[in-house]
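Report on the structure
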Amino acid sequence: MSSAENSTVFRCAVVSVVKHAYVPNGVVKHPRFDLVVVCDDTDQPDWVHERNQLYADEHGIPYVRGIEQAIAEHDVQVAVISSEAERHCDLAVRCAAIGLHVVQDKPMSNRVSECDRVVAAVAEHDVRFMMWNRNFLPAVVEAKRVLDEGRIGRPYAFHVDFYFAKDSGPPKGSRDPDEPPIDWLERQIEAHADGSDGGVGVEAMGELKIEGIYPLAYIQHLAGCRVERVYARTASHFHQANADNDVEDLATVTLEMENGLIGTLCIGRIGAASHPDIGEIKLHVLGETGGLVISEARPEVSVYYRNQPPQEFRHRRMAIDLDYQLMENFAGAIDSGRGGILDAATSRDIAATVQAAVDSGKSGKVEDVA
Amino acid sequence: MRSRTSGREWQDKTARNMLKLGLIDSDPAADLDWQAAADRLADVTIVDADAADAVLVAGVDAANQAAAAGHHVLLLPGSLCNADDAARLAAPDGIVVMLAATGRFRPSIQEVQAVNSAGALGPLGLLRIHRWMPAGAPVSIACLAEQLDLANWLFDTLPSEIYAVRRGESGSYAHLHLGFPGDGMALIDVATTLPAGDDYYSLSLIGGDGSVYADDHHNMHLLYAGGQPEAVRGGEGVTGLVNLLGEFTTAISEGRPADPGTIATAAALRVAEAAERSIEAGAPLRLDATGDGYELG
């Protein structure tokens, strides 16, 4: 049954939107979700209020300083959270405590202990939670279908390449030794203009924390297993901001999963020169009777013309139904009172895998996933 | 011994300084590829073994016997099971002994290394290799070493850290995770679990200034014959063998060791053996103080 057969429309509060507008914008792609208010805590800095106000103005909805007040005044059922990373979980816990279902931007948090709080709050207050993810991209849906049909037998190895061919400020090695290190938050605020501010927050984060949930969610989605042990190599290879803040922009991770399954991840913000599009994002899956090679970007259309702006993507993704399918799944979870893709517990496990990878990158040892 | 040389080729080539190659330990299908490769070179011809001044053989003992008899030697891939085997290979003065592995000589890989060695990629950060094959046989040390040789070559050094896992009842899958001095890293997986048919190869190399992707996935044609279309790989033909033979003959004519030589082969085998130790220990190994071996820790 499609959730459309249930006509209930969920009123959504955009609880801080300092980072990616694509999350609340994606939420309202589904006819059962409406944005009714933007809100945030009153004690936030000016740049936060400015971004929230701008989003509210663009969508013709009010911006209220005071989250609980906004929710009480606007009859809200769903919170859509896209704040700085270190505030994600606390906002989610507060919203769950007043009975809101939660859609949250990545990363779940930069601390696993914060993720644990969300898992507990969601269970205690019996609300649904979804981390924004890309599991319903057409290519990933196709990969899942092929595996579910048993076309390659029992899958045993899952490999994901997840490169973002973007620059992130000045290249590594470009800073004069007399200049101060790059301030992480200032750099992220500046990066908002080109959308490369996925790591916005006071505490610096590497690519594993910023983007890791996407490819790890692919592996979890396709394998259906938890990761038990991790070995990782990490490096600040490309960008001065990462080097200055001791966070990786390149990582390789070996994942040893339940039932003897193997996974690997290559992830990096590898610079705009490294690929004509957003990056080479691929899935390789080996099964006992075959193998599957998937390009996550497909289907796409190629566009080339004279005087084409250099920043314009030459290969453009198309037929993307991700937003609708995510929210359809979430509506179904709310209606049924259970389940949903990338719920709190699964997201928490992925955050713990990310933390183990970061730890392994520093220790040089195999790390158990907490 | 079969001779695959036609009379016309013989006439064309006899006037030159010709390397006469005897295919002692080959099979009919491979013979055709060697012949096709020789056809493309002006200075190589395939002859009967008793008329050869270079031979293709399998196994260290056969290689050493041939070398002792004054023949240049091409050694079939898989002949070296471990680093000790490589150490036993003898190469008397003036004799070229070369592993007949086409890994470095495939056109796609040569393109990768050409870009890399020209410095266009900047400092290397990451190498990823998928090597998937049919057959179901255990992934051997020799098989791992073929890919590790590429990693060592591209990074121009040995890995400083190695972690590896193996899966499959018959050991038909191995995954290697390498760290290189500086901050380079590599993931290599080798599987022999594909069903009978084509293999799959993918190599990507990412540096600080750019990247290069050599991927069978990018080079597939489509065949429509009802139902879902079939992917048909645009292969690289025998060009890898041609390149390998070119290096072999050039090394002979210049009186130098072939590149890669047995030292590189032995190094790759040592790394593969370290990977096996990592698999047994469930822990990473590091390059030891000698820079020549690996230890847990």
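Digging into the overall build of chain A
Within chain A one finds twelve helices and 15 strands. By the compact-globule yardstick of 21 Å for 370 residues, chain A fits well, its C-alpha radius of gyration being 20 Å. Across its three principal axes, chain A shows a C-alpha extent of roughly 60 × 50 × 50 Å. The buried share among the 370 residues of chain A stands at 60%. Sequence separation of at least 24 residues holds for 73% of the intrachain contacts in chain A that already meet a minimum separation of 6. With the model as given, the accessible surface of chain A reaches about 14100 Å², and the carbon-plus-sulfur share is 49%.

Topic: the packing of aromatic side chains
The geometry of an aromatic ring pair is captured by two quantities: the separation of the ring centres and the angle between the planes. Tallied over the full model, the rule gives nine aromatic pairs over all chains. Consider the rings of Tyr231(A) and Tyr163(B), whose centres lie 4.8 Å apart with planes at 40°: the pair is tilted. On the criterion of chain membership, the pair formed by Tyr231(A) in strand β8 (residues 227-235) and Tyr163(B) in strand β7 (residues 161-167) is interchain, its members lying in two chains. By relative accessible area, which is 0% here, Tyr231(A) ends up buried.

Quick notes on the sheet that holds strand β5 (residues 101-104) of chain A
All names here are of chain A. Reading across from one edge, β3-β2-β1-β4-β5-β6 is the order of the six strands in this open sheet, with parallel pairing throughout. Each having just a single partner strand, β3 (63-65) and β6 (129-131) make up the two edges of the open sheet. On average, each strand axis in the sheet is tilted by 25° relative to the strand beside it, whichever way the strands run. One ladder, built from four bridges, connects strand β4 (residues 78-82) with β5; its direction is parallel. Among the inter-strand pairings, Ala79 is bridged to a residue of β5, identified as Val102.

A few points about empty space enclosed by the protein
With a probe scaled to a water molecule rolled over the atoms, the places where space remains empty come into view. Residue and element names in this part refer to chain B. Within the structure shown, the criterion is met by five cavities of 30 Å³ or more. Computed from the structure, the largest cavity encloses a volume of approximately 210 Å³. The wall of the largest cavity is formed by 16 residues, among which Leu99, Ala101, Glu146, Asp149 and Thr265 lie closest to the centre. Those elements that place two or more of their residues in the lining of the largest cavity are α6 (141-155) and α8 (262-281). Among the elements that line the lining of the largest cavity, the one with the most residues is α6, at five residues. Of the residues in the lining of the largest cavity, the class split is nine nonpolar, four polar and three charged.

Section: the domain arrangement of chain B
Residue and element names in this part refer to chain B. In terms of domains, chain B is made up of domain 1 (7-104) and domain 2 (109-239 + 269-296). The distance between the C-alpha centroids of domain 1 and domain 2 comes to 26 Å. Facing the 13 residues of domain 1 at the interface are twelve residues of domain 2. For the pair domain 1 and domain 2, the summed buried surface comes to about 990 Å²; carbon and sulfur atoms form 63% of the total. Counting the surface domain 1 buries against domain 2, the share from its top three residues, Ala83, Gly103 and Arg104, is 54%. At the boundary of domain 1 with domain 2, the tally comes to one salt bridge.

A short note on the side chain of Asp31(B)
All names here are of chain B. Examined against the element boundaries, Asp31 turns out to sit in helix α2 (residues 28-39). For Asp31, a relative accessible area of 1% translates into the label buried. Of the polar contacts made by the side chain of Asp31, one reaches the side chain of Ser26; its length is 2.7 Å.

Thresholds, definitions, all that
- Residues numbered from 1 in each chain as written.
- Chains lettered and ligands numbered in written order.
- Predicted model: local features only at pLDDT ≥ 70, side-chain atom pairs only at ≥ 80, totals over all residues.
- Heavy atoms only, no water.
- Helix = DSSP H or I, 4+ residues; strand = E, 2+ residues; numbered from the N terminus.
- Rg over C-alpha atoms; globule rule 2.2 N^0.38 Å.
- Buried < 20%, exposed > 50% of the residue type's maximum accessible area, 1.4 Å probe, protein only.
- Contact = heavy atoms within 4.5 Å.
- Areas by Shrake-Rupley, 256 points an atom, 1.4 Å probe, with all protein chains shown as cover.
- Phe/Tyr/Trp six-rings, centres within 6.5 Å; stacked < 30°, edge-to-face > 60°.
- Pairing = 2+ DSSP bridges.
- Axes fitted to C-alpha atoms, helices over the stretch in contact; angles between N-to-C directions.
- 1 Å grid on protein atoms, 1.4 Å probe; cavity = no way out; pocket = protein on both sides within 12 Å on 5 of 7 lines; lining within 4 Å.
- Points joined across faces, edges and corners; volume = space filled by probe spheres on them.
- Nonpolar A, V, L, I, M, F, W, Y, C, P; charged D, E, K, R; others polar.
- Domains from an automatic or database assignment.
- Buried area = accessible area lost by both parts, 1.4 Å probe.
- Salt bridge = Lys/Arg side-chain N within 4 Å of Asp/Glu carboxyl O.
- Polar contact = N/O pair within 3.5 Å; in protein donor to acceptor, adjacent residues only side chain to side chain.

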